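Here are the chains, one letter per residue:
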Amino acid sequence: MKTAVYPGSFDPVTLGHMDIIHRAALMFDHLTVAVGININKRATFSPEERVDFLKRAIAAEGLHNVTVEAYHGLIADYAASLNANTLVRGLRAMSDFESEFQMALANRRINQQVDTAFLVTNVEYMYLSSSLVREIGHYGGDISEFVPQCLAEDIAKRLKQNKPNI
Ligand code: COA
């Protein structure tokens, strides 16, 4: 069985992430979407909220070979614990490439069984990022074009409550 892991912060999940999930689900027997902690970023949504959003979006799309989990620690170790040899990552632009290249090399150094497969994002979502969604949502803008329809209201409500301190 070919198992892959799609790790990310998903703070929150966007339609760009969903596009990668759809396409990876067709390539592997099983895909685990893994919500991790990027220590260089301050998260807005808790890991539980991010997992819940992903589970709801994936259920709404009827993706039966995809599960969602939160992980702690190194992604290379987590992949090994699932017997998964492939990490999936989305590439939006050349600007993503350098950090993704570094992360793929580091992960392979930590776990020699693990390879990273890059999926080039759909051109429609090239500009999209979770921070863009967070920023538009903070100011009460319409985020419904950027996140799964079933989550738009909850994400918008939550972001409006989370106004920055100034
Ligand atoms: N469509 C839209 N947006 C996309 C995207 C796509 N296809 N692909 C990436 N992005 C955006 C995200 O929205 C996010 O935007 P933001 O920076 O504005 O929040 C950004 O690209 C990257 O985020 P994401 O892919 O969700 O995760 P990340 O790069 O923050 O995640 C971890 C990194 C969690 C996978 C990594 O830090 C990790 O594994 N940490 C655990 C510890 C570890 O193993 N560290 C060593 C790694 S070598």
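Preceding this paragraph is the structure being described.
On a predicted model such as this, the values are computed, not experimentally measured, just so you know. (Residues numbered from 1 in each chain as written. Predicted model: local features only at pLDDT ≥ 70, side-chain atom pairs only at ≥ 80, totals over all residues. Heavy atoms only, no water.)

Draft legend 1. Spatial organisation of the overall build of the chain. Looking only at helices and strands, one finds 6 helices and 5 strands in the chain. For the chain, the N- to C-terminal ordering of α and β elements is β-α-β-α-β-α-β-α-β-α-α. The C-alpha radius of gyration of the chain comes to 16 Å, within 12% of the 15 Å expected for a compact globule of 166 residues. Oriented by its inertia axes, the alpha-carbon framework of the chain measures out at about 45 × 35 × 30 Å. Considering the chain as a whole, with its 166 residues, one finds that 45% of them fall into the buried category. Looking at the chain alone, contacts between residues at least 24 apart form 78% of all its contacts between residues at least 6 apart. Approximately 9,600 Å² of the chain is accessible, and the part contributed by carbon and sulfur atoms is 52%. Each charge class in the chain was averaged separately, 16 positive and 19 negative side chains, and the resulting centres sit 4 Å apart. (Helix = DSSP H or I, 4+ residues; strand = E, 2+ residues; numbered from the N terminus. Rg over C-alpha atoms; globule rule 2.2 N^0.38 Å. Buried < 20%, exposed > 50% of the residue type's maximum accessible area, 1.4 Å probe, protein only. Contact = heavy atoms within 4.5 Å. Areas by Shrake-Rupley, 256 points an atom, 1.4 Å probe, with all protein chains shown as cover. Lys, Arg positive; Asp, Glu negative; His and termini not counted. Charge placed at Lys NZ, Arg CZ, Asp CG, Glu CD.)

Draft legend 2. Fine view of the site of the ligand. For the ligand, the set of nearby residues contains 26 residues, the closest of which are S9, K41, Y71, S130 and S131. Interatomic distance of 2.6 Å between a side-chain N/O atom of S9 and an oxygen atom of the ligand. For the ligand, an oxygen atom lies 2.3 Å from a polar atom in the side chain of S131. Protein burial of the ligand: of its 940 Å² of free accessible surface, 85% is covered by the chains. Of all elements in the fold, only β1 (3-8), α1 (15-27), α4 (94-110) and α5 (130-138) reach the threshold of two or more residues within the shell around the ligand. Its residues placed into classes, the shell around the ligand shows 10 nonpolar, 12 polar and 4 charged. (Near = heavy atom within 4 Å. Polar contact = N/O pair within 3.5 Å; in protein donor to acceptor, adjacent residues only side chain to side chain. Nonpolar A, V, L, I, M, F, W, Y, C, P; charged D, E, K, R; others polar.)

Draft legend 3. Fine view of helix α6 (residues 152-161). Inspection of α6 places A152, I155, A156 and L159 among the buried residues, and these make up the whole buried set. What you see down the axis of α6 is that its buried residues fit within an arc of 100°, all on one side. Exposed residues on α6 whose side chains face more than 90 degrees from its buried face are E153 and Q161. Packing partners of the buried residues in α6 comprise α2 (47-60) and α5. (Arc of directions from axis to C-beta.)

Draft legend 4. Molecular detail of α2. With 14 residues, α2 ought to run about 20 Å at 1.5 Å a step, and its terminal C-alpha atoms sit 20 Å apart, in line with that. Those residues of α2 lying buried are R50, V51, F53, L54, A57 and I58. Down the axis of α2, the buried side of the element spans an arc of 160°, and every buried residue falls inside it. Facing away from the buried side of α2 by over 90 degrees, the exposed positions are E48, A59 and A60. Where α2 is buried, its residues touch α1, β2 (30-35), β3 (66-70) and α6. (Expected span 1.5 Å × (residues − 1).)

Everything listed is a geometric property; what it means functionally is a separate question.
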